[in-house]
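Observations on the model geometry
One-letter residues, chain by chain:
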Amino acid sequence: MLPLLLASSSPYRRELLTRLHLPFTWASPDLDERRLENEPAVELVRRLASAKAQALAASHPGHLIIGSDQVAVLGEQILGKPHTFERACEQLLESCGQQVTFLTGLALLNSSSGRCQVDCVPFTVTMRELTREQVERYVAAEQPLDCAGSFKAEGLGVSLFKSTHGCDATSLIGLPLIRLVDMLHQEGVQVP
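Residues numbered from 1 in each chain as written. Predicted model: local features only at pLDDT ≥ 70, side-chain atom pairs only at ≥ 80, totals over all residues. Heavy atoms only, no water.

Under an unreviewed UniProt entry, the name given to the chain is 7-methyl-GTP pyrophosphatase, and the organism recorded is Pseudomonas fakonensis.

1. Let's talk about the overall build of the chain
When helices and strands are counted, the chain shows six helices and seven strands. In sequence order, the chain lays out its α and β elements as β-α-β-α-β-β-α-β-β-α-β-α-α. Here the C-alpha radius of gyration of the chain, 17 Å, is about what a compact globule of 192 residues would show, namely 16 Å. Its C-alpha atoms give the chain principal-axis dimensions of roughly 50 × 40 × 25 Å. Residues classed as buried in the chain amount to 49% of the 192 residues present. A sequence separation of at least 24 residues applies to 67% of the contacts in the chain between residues at least 6 apart. (Helix = DSSP H or I, 4+ residues; strand = E, 2+ residues; numbered from the N terminus. Rg over C-alpha atoms; globule rule 2.2 N^0.38 Å. Buried < 20%, exposed > 50% of the residue type's maximum accessible area, 1.4 Å probe, protein only. Contact = heavy atoms within 4.5 Å.)

2. Overview of unusual backbone geometry
Each neighbour pair has its own omega, and for Val191 with Pro192 the value is -5°, a cis peptide bond. One non-glycine residue, His21, lies in the positive phi region at around 60°. At His83, a residue that is not glycine, the phi angle is positive and equals roughly 70°. When you line up the elements, His83 lands in the loop between strand S4 (77–79) and helix H3 (85–95).

3. Observations concerning the pairing of strand S1 (residues 4–7)
Here S1 shows two buried faces, one formed by Leu4 and Leu6 and the other by Leu5 and Ala7. Both S1 and strand S2 (residues 24–27) contribute to a ladder of four bridges, which runs parallel. Bridging from a neighbouring strand, Leu6 pairs with Trp26 of S2. In this region the chain leaves S1, passes through helix H1 (residues 11–18) and returns to the parallel neighbour S2; the handedness of that crossover is right-handed. Where S1 lies against strand S3 (residues 64–74), three bridges are found, and the strand directions are parallel. The partner of Leu5 across the bridge, within S3, is Ile65. (Pairing = 2+ DSSP bridges. Right-handed = clockwise from strand over helix to strand, strands pointing away.)

4. Structural notes on the UniProt feature "active site" (unreviewed entry) in the chain
Here the UniProt feature "active site" (unreviewed entry) sits at Asp69. Tracing the backbone shows Asp69 in strand S3. Excluding residues that lie within four positions of it along the chain, Asp69 makes contacts with Arg13, Glu33, Val45, Leu48, Ala49, Lys52, Leu103, Thr104 and Gly105. Among the polar contacts listed, one links the side chain of Asp69 to the side chain of Lys52, at a separation of 2.9 Å. (UniProt positions renumbered as here; feature names shortened; annotations may be inferred. Polar contact = N/O pair within 3.5 Å; in protein donor to acceptor, adjacent residues only side chain to side chain.)

5. Things to note about the layout of surface pockets
Within this model, the largest pocket holds a volume of roughly 680 Å³. At the level of elements, H1, helix H2 (41–55), S3 and helix H5 (170–173) are the ones that each hand at least two residues to the lining of the largest pocket. Of the residues forming the lining of the largest pocket, the biggest block, four residues, is contributed by S3. The residue makeup of the lining of the largest pocket, split by class, is 15 nonpolar, nine polar and nine charged. (1 Å grid on protein atoms, 1.4 Å probe; cavity = no way out; pocket = protein on both sides within 12 Å on 5 of 7 lines; lining within 4 Å. Points joined across faces, edges and corners; volume = space filled by probe spheres on them. Nonpolar A, V, L, I, M, F, W, Y, C, P; charged D, E, K, R; others polar.)

6. Brief notes about the UniProt feature "site: Important for substrate specificity" (unreviewed entry) in the chain
Feature annotation in UniProt places "site: Important for substrate specificity" (unreviewed entry) on Tyr12, Gln70 and Glu154, given in this structure's numbering. Those annotated residues that line the largest pocket are Tyr12, Gln70 and Glu154. Here Gln70 shows up in strand S3. Within the local environment of Gln70, its side chain forms a polar contact with the side chain of Thr104, the two groups lying 3.0 Å apart. With respect to the helices, strands and loops of the structure, Glu154 is situated in the loop between helix H4 (132–142) and strand S7 (161–166). Ignoring sequence-local partners within four residues, the contact set of Glu154 consists of Tyr12 and Ile173.

7. Thoughts on the side chain of Thr126
Residue placement: Thr126 occurs in strand S6 (residues 116–127). What makes Thr126 buried here is its relative accessible area of 17%.

Right under this line is the structure:
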């Protein structure tokens, strides 16, 4: 098996990948993650997942490189990482009672062969109706400032949901393991 490399500095993605019981290293790709003009959200996350893997290919020959990117979509609006307390509160209040779809782009690049598998895995949540006080309490407790859509599904963020729908709950956290296992199998990696 070629060594696995996770092209991400995200502690959430690293924690998820450990669930597969495969040895891996990680490195942070350095790239511009801005959306292209009129780029659909699905294409954005697919492009960025692939670009993250490709960004580390030259420095990591002979690796299977995993790239991932995620955005939250409310209607036609892409909700990125809020970065500030106030913006996180605004995003969550806008989402109250609405369906938010999390689109997670996933790429697996074999840096020896150049083969790159790319996909987008959606996961939809219906948000509860929340008061500003509840939202502010949540943001203060979880500090989801580096999370698309302003919540951490692996923690208290689940309390914000009325319901969820999707084929892979790990995609909600940022690394769709079910699809990743399929991709790894295509590269001859046996899991389990």
